[in-house]
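# Observations on the three-dimensional arrangement
In case you want the letters, here they are:
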Amino acid sequence: MIVPESITITDNRTGKSIEIPIENGGVSSAEWSKLLPGVWFHDPGLTTTAMTSSSITYLDGDEGILRYRGYPIEQLAEGSTYLEVAYLLLKGELPNQTQYADWVRDVTHHTFIHENVRKRFLEGFHYDAHPMGMLVSAVAALSTFYADAKQIFDPEIREKQIVRLIAKMPTLAAAAHRFSVGMPFVYPDNELSFPANFLSMMWKIAEPHFEADPALVHAIDVLFILHADHEQNCSTTAMRTAGSAHSDPYSSTAAACAALYGPRHGGANEAVVKMLNEIGSIENVEPFIKSVKEGHGQRLQGFGHRVYKNYDPRARIIKKVAYDVFEVTGKNPLLDIALKLEEVALSDDYFISRKLYPNVDFYSGLIYQAMGFPIEMFPVLFAIPRVSGWLAHYVELLDQDSKIVRPRQIFTGQGERKYLPMDQR
Ligand code: CMC
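Right, let's walk through the structure included here.

The rules we used
- Residues numbered from 1 in each chain as written.
- Predicted model: local features only at pLDDT ≥ 70, side-chain atom pairs only at ≥ 80, totals over all residues.
- Heavy atoms only, no water.
- Helix = DSSP H or I, 4+ residues; strand = E, 2+ residues; numbered from the N terminus.
- Rg over C-alpha atoms; globule rule 2.2 N^0.38 Å.
- Buried < 20%, exposed > 50% of the residue type's maximum accessible area, 1.4 Å probe, protein only.
- Contact = heavy atoms within 4.5 Å.
- Areas by Shrake-Rupley, 256 points an atom, 1.4 Å probe, with all protein chains shown as cover.
- Lys, Arg positive; Asp, Glu negative; His and termini not counted.
- Charge placed at Lys NZ, Arg CZ, Asp CG, Glu CD.
- Near = heavy atom within 4 Å.
- Polar contact = N/O pair within 3.5 Å; in protein donor to acceptor, adjacent residues only side chain to side chain.
- Nonpolar A, V, L, I, M, F, W, Y, C, P; charged D, E, K, R; others polar.
- Patch = residues over 30% accessible without salt bridge, like charges linked within 9 Å, V, L, I, M, F, W, Y side chains within 5 Å.
- Salt bridge = Lys/Arg side-chain N within 4 Å of Asp/Glu carboxyl O.
- Pairing = 2+ DSSP bridges.
- Axes fitted to C-alpha atoms, helices over the stretch in contact; angles between N-to-C directions.
- Parallel < 35°, antiparallel > 145°, perpendicular 65-115°, else oblique.
- Left-handed = near helix turned anticlockwise from the far one by under 90°.

## Quick look at the overall build of the protein
- Across its full length, the protein holds 18 helices and five strands.
- For 425 residues, the compact-globule estimate of 2.2 N^0.38 gives 22 Å, and the protein sits close to it at 24 Å.
- Each of the three principal axes of the protein carries a C-alpha extent, and together these read 80 × 65 × 60 Å.
- Per-residue burial over the protein gives 48% buried out of 425 residues.
- By sequence separation, contacts in the protein at least 24 residues apart represent 72% of the contacts at least 6 residues apart.
- Carbon and sulfur atoms make up 52% of the accessible area of the protein, which amounts to about 21600 Å² in all.
- Both charge centroids of the protein, one from 40 positive and one from 51 negative side chains, sit 7 Å from each other.

Listed below in structure tokens is the structure:
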């Protein structure tokens, strides 16, 4: 009898069949291989492959749902802090008061970086180095400062590296920015909260104690929450791939940072700001939308998503944060163009029929720009909180005792041919 929750595959070359159960929405490739050894799924971009099972983040792109460990992103953005969310992602449960106090104390304790990381390493970069390039390298360099990092199966030692990474990301990020604009490094101020300390390290000049506007501190905290995890995206897959080889947490995080550096991943909000600048005024919105629809090689940046076929829930929260930030900084002049673009696109059949809605990047760049962050810092701002998601996946992966990532290929190159010495070619 055929089980209803299953598929049957028949190899028409031999007539042999195999029945594979559908479990948690997936079918096992190991079962498939029993019938078809040497026949591989051809899945470029892994668009239909579940590389792992995970209990960290739930995403339903059709319904526009995002939950961390079961908690809706809207509730976390409303009531939580980034550090609490980092704890939740890593440990699976919200902390109680004592656990939270200990966690904040531990992270705060580790915000400083070794003087050599700054003086000898970061200051060795070319004067106009991109801050994200500096961050990728600095994170990798940390593995050489903490020799115990290689003991990845010792839970206590591993936890120490996790705390260090979460704590040091804002310090490295701000240091990279200060260097790239020729400003002196600002040491962490451990009297401040995690987001307030980051803003202090970014913007402090000569004042003895830098206090950012509370609305901006809150906005950064919410943006950090929204960017903390997004299940199996490109950089998380890079983290899992490096982690599957049992690379240490710093080296694996550097691999993830490198993936995030790419404009298709961490750089889309920069593309949005550039696009809005190019459009230049509200009158140009309709002609711009027309040219996108006619397919002149340009896309409406900040619209559409591989997984969300509905409004990205993070975009809705970010739009609200944008207004809170503009109360303090003054309105970003690009906002009106963005609002008009959204209005025109959401009532246009081209975008409706393709289920193209604003994504997380549509408004985040406007906020960062209004707060004074240069465009080069946008992927860095993404990396600071995403490190907690990456590490949660890293820990999950090691606890799953998973196999090393080693996919197959469909070979399309030359068959065997004879090597000829150069004078005979
Ligand atoms: N503007 C205009 N048309 C679009 C857009 C867009 N932004 N996105 C998709 N389309 C069209 C595309 O031309 C295609 O049309 P047709 O069926 O007529 O050929 C259809 O919609 C499906 O597009 P696709 O390229 O197959 O979709 P995808 O899932 O491969 O691409 C995407 C997803 C995010 C790469 C794409 O929507 C895009 O390029 N968006 C703009 C860049 C952007 O905002 N990226 C940030 C994504 S969120 C980052 C994160 O979560 O980390």
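## Let's talk about the site of the ligand
- In the neighbourhood of the ligand, 19 residues make up the surrounding shell, with Arg299, Leu300, Gly302, Phe303 and Asn359 lying closest.
- Between Leu300 and the ligand, the recorded distance is 2.8 Å, taken from a backbone N or O atom to a nitrogen atom.
- Between the ligand and Asn359, the relevant distance is 2.9 Å, taken from an oxygen atom to a side-chain nitrogen or oxygen of the residue.
- Split by residue class, the shell around the ligand holds six nonpolar, seven polar and six charged.

## Thoughts on a positive patch on the surface
- Together, Arg264, Arg306, Lys309 and Lys355 make up a positively charged patch on the protein surface.
- You can see Lys309 is positioned in the loop between helix 13 (285-293) and helix 14 (313-329).

## So, the pattern of salt bridges
- Scanning the model with the defined rule gives 21 salt bridges in all.
- Here Arg240 ties to Glu396 by a salt bridge, and the two come within 2.5 Å at their closest N and O atoms. Linking Arg240 in helix 10 (residues 234-244) with Glu396 in helix 18 (residues 378-399), this pair joins segments that are 156 residues apart in sequence. Judged on exposure class, the residue Arg240 and its partner Glu396 are both buried.
- Across the pair Lys290 and Glu294 runs a salt bridge, and its minimum N-O distance is 3.3 Å.
- On the accessibility criterion, Glu294 (44% relative accessible area) is partly exposed.
- Where salt bridges share partners, they join Glu115, Arg118, Lys119 and Glu123 into one cluster.

## Section: the pairing of strand 1 (residues 6-11)
- Here strand 1 pairs with strand 2 (residues 16-21) via six bridges, running antiparallel. Residue pairing across strands places Thr8 opposite Glu19, the latter belonging to strand 2.
- Hairpin connection from strand 1 to strand 2: four residues lie between these consecutive antiparallel strands, with Gly15 at a positive phi of about 80°.

## Considerations on the sheet that holds strand 5 (residues 71-72)
- Ordered by their spatial adjacency, three strands build an open sheet running 3-4-5, and the pairing between neighbours is antiparallel. Each of the sheet's edge strands pairs with one partner strand only, and the pair in question is strand 3 (57-60) and strand 5.
- Taken together, the four bridges between strand 3 and strand 4 (residues 65-68) define a ladder with antiparallel strand orientation. Note on strand 4: the bridge partner recorded for Tyr58 is Arg67.

## Overview of a nonpolar patch on the surface
- Where nonpolar side chains cluster on the molecular surface, the patch consists of Val181, Met183 and Ile205 and spans about 280 Å² of accessible area.
- Topologically, Met183 is positioned in the loop between helix 7 (155-180) and helix 8 (194-203).
- Among the residues examined, Met183 registers a relative accessible area of 33% and is labelled partly exposed.

## Looking at the packing of helix 7 against helix 18
- Two numbers describe how helix 7 lies on helix 18: the axes approach to 9 Å, and their chain directions differ by 170°. What the angle tells us is that helix 7 and helix 18 run roughly antiparallel. Like other packed secondary-structure pairs, helix 7 and helix 18 cross with a definite hand, here right-handed. On helix 18, the residues touching Arg158, Ile162, Leu165, Ile166, Met169, Pro170 and Ala173 of helix 7 are Val380, Ala383, Ile384, Val387, Ser388, Leu391, Tyr394, Val395, Leu398 and Asp399.

## Side note on the packing of helix 10 against helix 18
- At a closest axis distance of 9 Å, the pairing of helix 10 and helix 18 adopts a crossing angle of 40°. It follows from the interaxial angle that helix 10 and helix 18 lie oblique. Viewed along their axes, helix 10 and helix 18 form a crossing whose handedness is right-handed. Of helix 18, the residues touching helix 10 (which contributes Ser235, Thr236, Met239, Arg240, Gly243 and Ser244) are Arg386, Trp390, Leu391, His393, Tyr394, Glu396, Leu397 and Leu398.

Take it as geometry only, folks, not as evidence of what the structure does.
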